[in-house]
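Descriptive structure summary
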Amino acid sequence: MSMVSFGKDIAPLFNQFRASMMWRLDLTDYEQVKANADMVLTQIQGGMPPPPYPPLTTAQVAMFQAWINQGFPK
Ligand code: HEM
């Protein structure tokens, strides 16, 4: 997969869920998502966001995995 950017790819995807998860972490904050990346990956693989929200697509989950593998590019 081509280089994934937190600012251009991840934050815009997560922004719609930001308010719902502020109790735990700011999904649009680079440092917080980086620090919790393994947990975020596990959650989105397991169906987060919860119903009635549609789960992230396979491609979106793969993009997040690639962002981790690429060393968390900003
Ligand atoms: C892609 C978007 C989302 C991501 C990456 C995400 C991420 C996470 C993470 C990492 C946790 C685990 C927190 C912990 O164990 O300390 C979690 C739990 C939780 N999230 Fe989200 N979240 C998303 C969207 C949402 C939305 C839209 C809602 C509600 C409308 C929501 C509600 C919850 C709730 C209630 C929990 C705790 C119960 C559970 O683990 O199922 N999340 N989420």
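Structural data are supplied above this passage.
Remember, predicted model here, so these are calculated numbers, not experimental data. (Residues numbered from 1 in each chain as written. Predicted model: local features only at pLDDT ≥ 70, side-chain atom pairs only at ≥ 80, totals over all residues. Heavy atoms only, no water.)

**A few points about the coordination of the iron atom of the ligand**
Protein coordination of the iron atom of the ligand is provided by Met-21 (SD) and Met-48 (SD), with donor distances spanning 2.3 to 2.4 Å. If you look at the iron atom of the ligand, its six donor atoms make angles of 80 to 179 degrees with each other, and the shape they trace is octahedral. Within this pair, whereas Met-21 is found in helix α2 (residues 18-21), its partner Met-48 is found in the loop between α4 (37-45) and α5 (58-69), the two being separated by 27 residues in sequence. Residue class for Met-21 comes out buried when judged on its relative accessible area of 17%. A relative accessible area of 28% places Met-48 in the partly exposed class. (Donors = N, O, S within 2.8 Å, 3.2 Å for Na, K, Ca; no water. Tetrahedral: all angles 85-135°; square planar, octahedral: opposite > 155°, others 65-115°. Helix = DSSP H or I, 4+ residues; strand = E, 2+ residues; numbered from the N terminus. Buried < 20%, exposed > 50% of the residue type's maximum accessible area, 1.4 Å probe, protein only.)

**Comments concerning the nonpolar core**
If you look at the biggest cluster of nonpolar residues, it comprises 23 residues, and the most contacted ones within it are Phe-6, Ile-10, Phe-14, Ile-44, Leu-56, Phe-64 and Trp-67. Among the secondary structure elements, those contributing two or more residues to this core are α1 (6-14), α3 (30-35), α4 and α5. The element that contributes the greatest number of residues to this core is α5, accounting for six residues. Look past the residues within four positions of Phe-64 in its chain and what remains in contact with it is Ile-10, Phe-14, Val-33, Ala-37, Val-40, Leu-41 and Ile-44. (Core = buried A, V, L, I, M, F, W, Y, C linked by side-chain atoms within 4.5 Å. Contact = heavy atoms within 4.5 Å.)

**Structural notes on the packing of α4 against α5**
Look at α4 against α5: their axes get within 10 Å of each other, and the N-to-C directions meet at 165 degrees. Here α4 is positioned roughly antiparallel relative to α5, judged by the angle of their axes. Crossing of α4 over α5 shows left-handed handedness. The residues of α5 that touch α4, namely those facing Ala-37, Asp-38, Val-40, Leu-41, Ile-44 and Gln-45, are Val-61, Phe-64, Gln-65, Trp-67 and Ile-68. Looking at the contact of α4 with α5, its residues break down into eight nonpolar, two polar and one charged. (Axes fitted to C-alpha atoms, helices over the stretch in contact; angles between N-to-C directions. Parallel < 35°, antiparallel > 145°, perpendicular 65-115°, else oblique. Left-handed = near helix turned anticlockwise from the far one by under 90°. Nonpolar A, V, L, I, M, F, W, Y, C, P; charged D, E, K, R; others polar.)

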